[in-house]
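# Commentary on secondary and tertiary structure
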Amino acid sequence: NVYNRNIIQRALATDFPLKPVVVTANAACAELVDQNCINHGDWLLWDSLLGHRLAETAAAMPNSQHALLVHYLAAENPQLDRAERDSMLTTEQQVANTVKAFIATGQRIAGVLKQRYPNKPVFVAEPGVAALFLPMVDTTPVRPDQDIVHLLTVANLLPAKGHLEILTILSRLSRLNWCWHIVGNNQADAAYVSRIQLAIEAFGLSERIVFHGILRQTELVQLLHKMHVFVFASHYEAYGMALAEAVAAGLPVVSTRVGEVDRLVRQRVNGLLSDVGDWHSFQCHLEKLIRNKTLRTQMQNSATSLAPIRTWQEAGNNFIRACQAIQAQN
């Protein structure tokens, strides 16, 4: 949603002929044609979250041409069992059959698309970082007293984001002085959130974990500047926008190797990375940063110099060029 809103804003600012169409939960996509939201013959760029609906309704739009904006490929989630993955792959193949091209929001996901669908063009338009997150010239965020190490995770509360894994690790590090802050939607998976709450109570950590819910961008920036370590245990990402924002804000990172993290974080320079599933390594890295104030400071200084410099304006320009290239192929 953040990506889409920023891209739309950039397209409108440059008079690029992009018309946002909101598809409600209950509306059939084909009905949008009848409601004059879409003209016959238009190029339709579908968000990948609506991919299953594209496969079902493309036949009702025979004169339109379709492309897919791919934020996420569900079948690549390593938590899926074989049957679930096969089902997802079937759906994704059906979607791919209806589109003429892809725009991927990360290099890694673009590679998967090229391997799966070698006859379909794939373009890349990665996210940007809002100027709010970038450090001001000659200024350093004033972080609170480091007697308590404030840890931050920004991710919707879903199983693939690894909150339970972080919680289990922190329960083993309860002798250390930390406070864990969680930002993200806690309404997407009620059962998972309930498991987290029960585990927090069982571990006796209720007073050391703060849920902030969904924050506005300005609120998130203010919180980032009060944190000491960004903790990210996702099992799968297409890019990792929250990681990019944390690095831009100068936070040392403990993360799994997902999305484009290897391009955003340099091992032992501005963060510590572990393979997905290597929770022993993840725990060792997190413990090291909680214990070692000097290392945190060194990584914070390095993070500032390594901050991603792609702005949303640049990201929007890349997106527009990708759209133009798709149209030119017709």
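Structure shown above.
Sequence positions are assigned chain by chain, starting from 1 and proceeding in written order. Restriction of local features to residues with pLDDT of at least 70 applies here, the model being predicted, together with a cutoff of 80 or more for giving and counting side-chain atom pairs; totals for whole chains, interfaces and linings are based on all residues. Computation of side-chain values covers all heavy atoms of the structure but excludes hydrogens and water.

## Section: the sheet that holds strand β3 (residues 101-104)
The strand order across the open sheet formed by 4 strands is β1-β2-β3-β4, and the pairing between neighbours is parallel. Sheet topology places β1 (43-47) and β4 (122-124) at the edges, where each strand pairs with a single neighbour. Taking the axes of each pair of neighbouring strands and ignoring which way they run, one obtains an average angle of 25° across the sheet. Across the sheet, helix α13 (residues 312-328) touches β1, β2 (65-70), β3 and β4, and the angle it forms with β3 is around 170°. One bridge is not enough; two strands pair if DSSP finds at least two bridges between them. In this description a helix means any DSSP run of H or I spanning at least four residues, a strand means any run of E spanning at least two, and both kinds are numbered starting from the N terminus. Note on method: axes are straight lines fitted to C-alpha atoms, helices fitted across the in-contact stretch only, with angles between N-to-C directions ranging 0 to 180 degrees. Residue contacts follow a heavy-atom distance rule, with two residues in contact if any of their heavy atoms lie within 4.5 Å.

## Some thoughts on the packing of aromatic side chains
Any pair of Phe, Tyr and Trp rings, taking the six-membered ring for Trp, is counted once the centres come within 6.5 Å. Such a pair is stacked with planes under 30 degrees apart, edge-to-face with planes over 60 apart, and tilted for the rest. In this structure the tally under the stated criterion is 5 aromatic pairs. Look at F230 and F232: their rings are 5.9 Å apart centre to centre, the planes differ by 25°, and that puts the pair in the stacked class. Across the pair, exposure class does not vary: F230 and F232 are buried alike. In this structure, R208 packs its charged tip against the face of W178, placed 4.0 Å from the ring centre. Categorising residues by exposure relies on relative accessible area from a 1.4 Å probe, with only protein chains included: less than 20% of the type maximum marks a residue as buried, more than 50% marks it as exposed, and the intermediate range marks it as partly exposed. A ring is scored as having a charge over it whenever the NZ atom of a lysine or the CZ atom of an arginine sits within 6 Å of its centre and within 35 degrees of its normal.

## A word on the packing of helix α6 (residues 163-172) against helix α11 (residues 279-291)
Two elements in contact, α6 and α11, have axes separated by 10 Å at closest approach and are oriented at 55°. Accordingly, the angle class assigned to the pair α6 and α11 is oblique. Handedness of the crossing formed by α6 with α11: right-handed. Side by side, α6 and α11 meet where E165, I166, I169, L170 and R172 of the first sit next to W279, F282, Q283 and L286 of the second. Think of it as three bins: nonpolar holds Ala, Val, Leu, Ile, Met, Phe, Trp, Tyr, Cys and Pro, charged holds Asp, Glu, Lys and Arg, and polar takes everything else, Gly as well. Of the residues that constitute the contact of α6 with α11, the class distribution is 6 nonpolar, 1 polar and 2 charged. We call two directions roughly parallel when the angle between them is under 35 degrees, roughly antiparallel when it is over 145, roughly perpendicular when it lies between 65 and 115, and oblique otherwise. The sense of a crossing depends on the near helix, which, turned anticlockwise from the far helix by less than a right angle, makes the crossing left-handed and, turned clockwise, makes it right-handed.

All quantities given are derived from atomic positions and should not be read as evidence of function.
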